[in-house]
Amino acid sequence: MTPWPFAYGSFPRCLPLCLLVLAACAGAARPGEGECWSSRISSCAECLTRGPQCAWCFKEDFLEGASSSYRCDLPANLLRRGCGPEFMEQTEIKVEVNATISSTQVSPRDISIHLRPGSHASFIVAVKQLPRYPVDLYYLVDVSASMQENLDHLKTVGVALTLRMTEHSSDLWLGFGSFVDKPVSPYINVHPSKINNPCSDYEIRCRPAHGYHHVLSMTGNMSEFTRVIKRQRISGNMDTPEGGLDAMLQAAVCQKAVGWRSEAKHLMLLMTDQPSHLALDSRLAGIVVPHDGRCHLENNVYTESTRMDHPTLGQLSDKLLENNIYSIFAVENKQQQWYEELVQLLPGSYLGKLGIFQAPNLIDLVVDAYKTLLSEVDVSVTIDDQAASRYWVSVSPLCPPGSTAHGQRCVGVKPGQTVYFNLTVGQQTCATEGEDEEITMMVRPIGYNESTKVRIHSRCRCSCGSTGRCQDGDLFCPAEGTKQEQMLQHELNHRDSNCRADGSTVDCSGRGTCVCGRCACEQSRLGLVHGKYCQIDDFSCPYHGGLLCGGRGVCVLGECKCEEQWEGESCSCPTSTDTCQSPDGSVCSGRGRCVCGKCSCDDPKFLGSFCESCPLCQNSCQTYWKCVDCHLSEGLALADPGKCNSSCASSVDFVEDVSGHSGEILCKYISNDSCRYRFQTSSQSGERHLYISTRPECSSRGQLVGTFLSVCALTVMCGLVLVVLSRMFLQRRLRAREGAPEVDGFICTGKDLAYIPTTNEKTVTYRRDCPPERPVELDLHVPKMPLGDPWP
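Note that the structure is a prediction, hence the values are computed from the model and not measured. (Residues numbered from 1 in each chain as written. Predicted model: local features only at pLDDT ≥ 70, side-chain atom pairs only at ≥ 80, totals over all residues. Heavy atoms only, no water.)

Novice: Please explain the packing of aromatic side chains as it appears in this structure.
Specialist: How two aromatic rings sit relative to each other is given by the distance of their centres and the angle of their planes. Considering all chains together, one arrives at 6 aromatic pairs under this definition. Taking the centre distance of 6.1 Å and the plane angle of 70° together, the rings of F58 and F87 count as edge-to-face. Taken as a pair, F58 in the loop between β1 (55-57) and β2 (72-73) and F87 in the loop between α4 (75-80) and β3 (88-90) lie far apart in primary sequence, 29 residues in all. On the basis of relative accessible area, F87 is assigned to the partly exposed category, the value being 29%. Aromatic side chains F329 and Y339 sit 5.6 Å apart centroid to centroid with 40° between the ring planes, which places their arrangement in the tilted category. One end of the pair, F329, is in strand β14 (residues 325-331); the other, Y339, is in helix α12 (residues 336-343), and 10 residues separate them in sequence. When sorted by exposure, F329 lands in the same class as Y339, which is buried. K265 extends its terminal NZ or CZ atom over the ring of Y133, reaching a point 4.6 Å from the ring centre. The aromatic ring of Y448 is capped on one face by K265, whose charged end is 3.4 Å from the ring centroid. (Phe/Tyr/Trp six-rings, centres within 6.5 Å; stacked < 30°, edge-to-face > 60°. Helix = DSSP H or I, 4+ residues; strand = E, 2+ residues; numbered from the N terminus. Buried < 20%, exposed > 50% of the residue type's maximum accessible area, 1.4 Å probe, protein only. Lys NZ or Arg CZ within 6 Å of the ring centre and 35° of its normal.)

Novice: Explain the sheet that holds β1 to me, please; I cannot follow it from the model alone.
Specialist: Where strands meet in a sheet, backbone hydrogen bonds hold them as pairs that are either parallel or antiparallel. Sheet architecture is open: 3 strands sit in the order β2-β1-β3, paired in antiparallel fashion. Across the chains shown, the open sheet's two edge strands, defined by having one partner strand only, are β2 and β3. Strand direction decides the pairing type here: β1 and β3, joined by 3 bridges, are antiparallel. Bridging across to β3, W56 finds its partner in E89. (Pairing = 2+ DSSP bridges.)

Novice: Is there a simple way to explain empty space enclosed by the protein in this structure?
Specialist: Over the atoms, a rolled probe matching the size of one water molecule traces out where space is still vacant. For the structure shown, the criterion picks out 1 cavity of 30 Å³ or more. The computed volume of the largest cavity comes to approximately 40 Å³. (1 Å grid on protein atoms, 1.4 Å probe; cavity = no way out; pocket = protein on both sides within 12 Å on 5 of 7 lines; lining within 4 Å. Points joined across faces, edges and corners; volume = space filled by probe spheres on them.)

Novice: Just to check I follow, could you spell out the side chain of S305 for this structure?
Specialist: Relative to the helices and strands, S305 resides in the loop between β13 (301-302) and α11 (313-322). Sequence-distant contacts of S305, defined by excluding residues within four places in its chain, comprise K182, P183, G211 and I287. (Contact = heavy atoms within 4.5 Å.)

Novice: I tried to follow the pairing of strand β9 (residues 169-179) on my own but got confused; where do I start?
Specialist: One face of the sheet, then the other: side chains in a regular strand alternate in exactly this way. Along β9, 8 of the 11 residues are buried, which leaves the element largely enclosed by surrounding structure. In this sheet, β9 lies alongside strand β8 (residues 133-142) in parallel orientation, the contact comprising 10 bridges. For V135, the partnering residue across the bridge sits in β9 and is L172. Here β9 pairs with strand β10 (residues 213-219) via 4 bridges, running antiparallel. Considered in β10, the bridge of G177 is made with H214.

Novice: Help me out: how do you make sense of the side chain of H210 in this one?
Specialist: Its place among the elements puts H210 in the loop between α7 (192-195) and β10. Discounting residues that sit within four places of it in the chain, H210 has contacts with V143, S178, F179, V180 and D181.

Novice: Explanation requested: the nonpolar core in the structure shown.
Specialist: One recurring pattern in soluble globular proteins is that nonpolar side chains are buried together. Residues Y139, L154 and L161 are the most contacted members of the largest nonpolar core, which totals 70 residues. Looking at this core, the element that brings in the most residues is helix α13 (residues 359-375), giving 10 residues. In contact with Y139, other than residues within four places in its own chain, are L154, V157, L161, L174, G175, F176, G177, F225, L269, M271 and V366. Membership of the second largest hydrophobic core comes to 30 residues, among which are M248, V258, M268 and L342. (Core = buried A, V, L, I, M, F, W, Y, C linked by side-chain atoms within 4.5 Å.)

Novice: So what exactly am I meant to see when it comes to unusual backbone geometry here?
Specialist: One can expect most non-glycine residues to show negative phi and most peptide bonds to be in trans. Omega for the peptide link from S107 to P108 comes to -5°, which places this bond in the cis form. For P108, the location among the structural elements is in the loop between β5 (106-107) and β6 (110-115). The linkage connecting S185 with the following residue, P186, adopts the cis geometry, with an omega of 10°. Looking at the element boundaries, P186 is found in the loop between β9 and α7. Phi at N324 is positive, roughly 55°, even though this residue is not glycine. Looking at the element boundaries, N324 is found in the loop between α11 and β14. In this model, C588 sits at a positive phi of 55°, which is unusual for a non-glycine residue. With respect to the secondary-structure elements, C588 resides in the loop between β33 (573-574) and β34 (592-595). Residue class for C588 comes out buried when judged on its relative accessible area of 0%.

Novice: Hey, could you run me through the packing of helix α6 (residues 157-165) against α13 in this one?
Specialist: Angle between the axes and distance between the axes are the two parameters that describe a pair of packed helices. At their nearest, the axes of α6 and α13 sit 10 Å apart, and the two run at 35° to each other. Both α6 and α13 take part in a crossing whose hand is right-handed. Residue-level inspection shows V157, A160, L161, R164 and M165 of α6 in contact with α13, the latter providing A359, L362, I363, D364, V366, V367 and Y370. Taken together, the residues of the contact of α6 with α13 break down into 10 nonpolar, no polar and 2 charged. (Axes fitted to C-alpha atoms, helices over the stretch in contact; angles between N-to-C directions. Left-handed = near helix turned anticlockwise from the far one by under 90°. Nonpolar A, V, L, I, M, F, W, Y, C, P; charged D, E, K, R; others polar.)

Honestly, that's just the spatial picture; any functional story needs more than this.
Structure representation (C-alpha cells):
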C-alpha cells in the first residue's frame, strides 16, 4: 500500500500544513489533560476517581453545548472557565480524632477518616511503654509420656519465678493447662484397653489422651499452683506431632475460663519436645470441618477436638493479637529449627534456647522472653475482609532515642518511652455497586490491651450541592411515538431555530449537532468547543512558544486568562521586575521601564539589557557647550537664570567637584581663556540636569612653549641614540668578518678589490701578513683591458 502523502502526489505541499496542525494540536493541550480530563468521563463519580486533585462542576449552564467530560478538571481551570467554588464537587479528606476516650498506653483510641477513591490520609498513633505491668503467665504443657521428666521440673518453678519477676512486674499470676493430641485414630491407639490407659503396656497408670484440658485458672497463690502441678499425670499417643496449636487457640479465646486479666500483660508458655500438627493434618482422621476460632470448653475440656480441624496459622495469629497474648515456646534443641520457622509467622512470639528442661532454665527463659517482648513495640493493622482489596495501609515507626527501627517495629524500647507510628490509609476503588460505605480498621499494638479504632467513611457518590443534580451525561432526547413521528422529530431537530445564531444559516455554527433544540458541540482535536451555538472555543487565543496562552493560562472567549505572576495577550509577560534588575539593584539602571520582563529605555541613546550603555553620549557633550558657555559668561551665578533659557534645555547646578555626582557622562568645555570646565549630565524623572564645576583647569602660554621644546629635545636625543646604536652594530659585524677561520694556512682578509677596465696598466701587489715572522710579498704586472674590448 502506498503511503497517503505519495498516493495523492502532494507530499511537498502538505508537509508544512501537517506540521502546522501537529504544532497546533500540541500547543492546544487541554488544561488538566492527563490528570483529570478524559473523553471517557461522563459522571461526577468517575471524575473523582481520577484523583483527589480533580473536581466536577455541576453548574447547569457551564460550558453550554460542550461534552459533560469537560466538567471534570483541575479546580483552578474550572474556576477560570466560570465555575464558582459553590458549584464544585471535590474530594474532601478529613481526619477527626475523638479525644474523649482516655488511655494510658495507646492514643488516640478512636479516629474517623473521610476518603474518596484515589485519596489517602495520614494520622499518628502513640504507644507508651509503662515501667511495670501486672503479668498473667499461662503454662500450656505437653503431657505425653516423653515429657514425664520435664513435668517434674515444673513443680519447683512457681515460687522461684515469682521472686525473679518482682524485679520487672508489679503482680504475677500463674495458670496451667495440658494437651496431648486429638483422641482419634490414627493419633492414638483406639483399642479399648488403650483408650483409658495409653500406658498399659508399661504397667503404668496414666490419664487418657486429650486435645486440651484447662486445669488451673489465673491465680496469685503460688502454693495452689505448685499443688496442681504435683497432681498432674502423663498421657500417651501414637504419632510424633502433638496438638499444641489446637490447645493454644482455645487457651487464647476462652478468656473467661482461663481468667486473663484485662489490665495485665498476657504470656502463654508452650512446653513440648515435639513439633505440632498443622491445619489439614486432621484429614487423616476424616476431620474436614475447618476450625471456627471460637471457645469450646465444657467442664474445662475441649469438646470439638474430634470434630474440627487444627487451626490455621493465620487464625491462631489473629486470635493471639485480638487477646493481646505474647507466645513463648520452650522446646528441646532438636526441635529448634521447626519452631524457628513457626515463630516468624506468629507476631509477638519468642523462641528460647532452653537446652534441657530444668527449673532454673525455665525461669531464665520466661524472664528473658518478657524483657525482650516488652522492648519490641510493633503494631498490627486489620481491616474488614470484604473491603481489604479496596484499601491500602502503610506504617512507619518513629522510634525514641536509644532504640532502632526494624521494618515497622522499634527494638530496644525502654520502660517509660513512647513510640510513634505514622499510618497512611488510602482508598483505591469503590464497592461494586458504587455505594458509600463505612468500614472499621483496628490498629493493635502487639501485646497491649489497648488499641485504636479507625472508622473509614468512603464517599463514592456525589451530592452536588443542595439540588443534588450533578448534570451527568450528555444531551439525550428520548424518541416517542411511531417511526414516522421519530423521523419527523429528527428532521425538526436539524431545522430548529434554537440551534442557530442570529443571521446564521447553519446549525450550531457548523461545529455541532442540534439535539432536542439544543446544540451538542463536537469535540475538536484542537481543543474545547462550547456555547449555546458552539460559537466559543478555547484554541482561538494567541500562542507563545508553540503553546496556547504560552502554557500559562486558559483560553476563555478568545482571550487568555493568565495564571498568577503572568500577564499579556499570550501570558508571556511576567508581572515581576526581577528580570529587569540591574547590578546596582535599580530597575533598568533608572533610565527606563520594565515592559514584559525586558527594559524599555526612556532615552533612545541608551542601549543594553539594563539601559546601561550609551555609545552616542560622548558626542552629546557638544550639545551642552552653548549652555555652559552662557553660564560662564554670567560668572556661574544663578542670579538671573532666565538669560540662559534660550541655550539651556535643562536645569543647572554649580558644584566644586562633579565626580561626586552619579551622572550619565562626564564632559569638558574649553573656554576662550584656554581653561577647561568639567560638567556632567543626568536624567531625573525624565528631565535633563546639568552639574557644572566651578573649579576651572587653566594653563599659561609659557607652559605650552616649554612643553613643546621639551618634546623636541626628547625627539633629537632619541634620534642620536638610534644612530650610535646602529654604528656600533655595524662595527661589530665587521670585526666578526676579520676573525674568519684559516683556509690552507692562509687567512682571508676580505674580497679582492674590483677594478674598472681602463687602457692603463697597473701593478697589483699582494701581501700575505701571516705568519708575521715571515712576511711575503708578491708583485704582479697586470695589463688592463682596453675600454672597448669585450669580456671573455
